[in-house]
Amino acid sequence: MVDTIIQETKPKMDSAISVLRDDLSKIRTGRANPAILDGIRVSYYGSTSSLKEVASISVPESTIIAIKPWDRNSLGSIETAIRNSDLGLSPVNDGTQVRLILPPLTEERRKEIVTQVKKSGELAKVNLRNIRSEAWNKVQAGIKSKEVTEDDKYGAEESLNKLISERNKDIDKIVLDKESELMKI
């Protein structure tokens, strides 16, 4: 039973780390990254669609994202969706495509973003602790129902602590990599 609990816990922890990676990939680092547009929804012929579904997104230069819609009539909708998003970017509509010019990050803004990244890392660690707590509660319930022995309990505790330690190191490395990426000029 304990092995099953540990095996169920690993993918949950890996998923929490995956979510952190996805969140951090959307954070702007000074270079144009199409992932920052992932959450943008465009009103397209009466329904809302993701930006990727209505346009091709490319990065012609390191500070420019070009969005070329499949249908020119959707240019205004795309422009409006970007303006209304929380990206803080001003789209430039040239009649065939929308361009986003990413201004260089100031030192102060970089430090703010690093603080955000660290908070995201801490939230991921909290999620890991919650997952570990959930697994530990299952072990405790197994002890009460006599399905888990005391030896198994200590083995499970050791395994869970080893798992959380490994995953915390992974999170620290991810956060540190993103921080160094942000602080590069």
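Described in the following lines is the structure provided in the data block. Given the structure is predicted, the values throughout are model-derived calculations rather than measurements.

Some remarks on the packing of helix α1 (residues 2-25) against helix α4 (residues 107-144)
For step 1, the next point in the chain: Packing of α1 against α4 brings their axes to within 10 Å, and their N-to-C directions diverge by 165°. Classified by the angle between their axes, α1 and α4 sit roughly antiparallel to one another. Two packed elements cross with a definite hand, and for α1 against α4 that hand is right-handed. On α4, the residues touching Ile-5, Glu-8, Thr-9, Lys-12, Met-13, Ala-16, Leu-20 and Leu-24 of α1 are Val-117, Ser-120, Gly-121, Ala-124, Asn-127, Leu-128, Ile-131, Arg-132, Glu-134, Ala-135, Lys-138 and Val-139.

Re the environment of Ser-18
For step 1, the next point in the chain: With respect to the helices and strands, the residue Ser-18 is situated in helix α1.
For step 2, the next point in the chain: Ser-18 gets classed as partly exposed once you look at its relative accessible area, which sits at 37%.
For step 3, the next point in the chain: In this structure the C-alpha to C-alpha distance between Ser-18 and Glu-147, which are 129 residues apart in sequence, comes to 33 Å.

Some details on helix α3 (residues 75-84)
For step 1, the next point in the chain: Taken together, the buried positions of α3 are Leu-75, Ile-78, Glu-79, Ala-81 and Ile-82. Around the axis of α3, the buried residues are gathered within 160° of arc, so they sit on the same side.
For step 2, the next point in the chain: Packing partners of the buried residues in α3 comprise β1 (41-44), α2 (51-54), β3 (55-61), β4 (64-69), β5 (91-93) and β6 (98-101).

Overview of helix α5 (residues 150-183)
Because an α-helix completes one turn every 3.6 residues, residues spaced three or four positions apart along the sequence face the same direction.
For step 1, the next point in the chain: Helix length check: α5 (34 residues) gives 49 Å between terminal C-alpha atoms against 50 Å at 1.5 Å per residue, within 8%.
For step 2, the next point in the chain: Along α5, the residues that are buried comprise Lys-153, Ala-156, Leu-160, Leu-163, Ile-164, Arg-167, Asn-168, Ile-171, Ile-174, Val-175, Lys-178 and Leu-182.
For step 3, the next point in the chain: Each element contacted by the buried residues of α5 is listed here: α1 and α4.

Some words on the pattern of salt bridges
For step 1, the next point in the chain: Counting across every chain of the model gives 12 salt bridges.
For step 2, the next point in the chain: In this structure, Asp-172 engages Lys-125 in a salt bridge whose closest nitrogen and oxygen atoms are separated by 2.6 Å. Of the two residues, Asp-172 is situated in helix α5 and Lys-125 in helix α4; the sequence distance between them amounts to 47 residues.
For step 3, the next point in the chain: The class of Lys-125 is buried, set by a relative accessible area of 13%.
For step 4, the next point in the chain: Its salt-bridge partner being Asp-177, residue Lys-173 comes within 3.0 Å of it at the nearest N-O pair. Pair noted here: Lys-173 and Asp-177 are both in helix α5, with a separation of 4 residues, about one helical turn.
For step 5, the next point in the chain: Judged by relative accessible area, which is 52%, Lys-173 ranks as exposed.
For step 6, the next point in the chain: You can call Asp-177 partly exposed: its relative accessible area is 38%.

A word on the packing of α1 against α5
For step 1, the next point in the chain: It is at 11 Å that the axes of α1 and α5 come closest, and there the two elements cross at 10°. Judged by the inter-axis angle, α1 sits roughly parallel to α5. In this structure, α1 contributes Val-2, Ile-6, Thr-9, Lys-10, Met-13, Asp-14, Ile-17, Leu-20, Arg-21, Leu-24 and Ser-25 to the contact, and α5 contributes Asp-152, Ala-156, Ser-159, Leu-160, Leu-163, Ile-164, Arg-167, Asp-170, Ile-171, Ile-174 and Lys-178.
For step 2, the next point in the chain: Residue classes in the contact of α1 with α5 are distributed as 12 nonpolar, 3 polar and 7 charged.

Let's talk about unusual backbone geometry
For step 1, the next point in the chain: You will see that Lys-146, though not glycine, has its phi angle at about 65°, which is positive.
For step 2, the next point in the chain: Within the secondary structure layout, Lys-146 lies in the loop between α4 and α5.
For step 3, the next point in the chain: On the accessibility criterion, Lys-146 (74% relative accessible area) is exposed.

Reading guide: rules and limits
- Residues numbered from 1 in each chain as written.
- Predicted model: local features only at pLDDT ≥ 70, side-chain atom pairs only at ≥ 80, totals over all residues.
- Heavy atoms only, no water.
- Axes fitted to C-alpha atoms, helices over the stretch in contact; angles between N-to-C directions.
- Helix = DSSP H or I, 4+ residues; strand = E, 2+ residues; numbered from the N terminus.
- Parallel < 35°, antiparallel > 145°, perpendicular 65-115°, else oblique.
- Left-handed = near helix turned anticlockwise from the far one by under 90°.
- Contact = heavy atoms within 4.5 Å.
- Buried < 20%, exposed > 50% of the residue type's maximum accessible area, 1.4 Å probe, protein only.
- Arc of directions from axis to C-beta.
- Expected span 1.5 Å × (residues − 1).
- Salt bridge = Lys/Arg side-chain N within 4 Å of Asp/Glu carboxyl O.
- Nonpolar A, V, L, I, M, F, W, Y, C, P; charged D, E, K, R; others polar.

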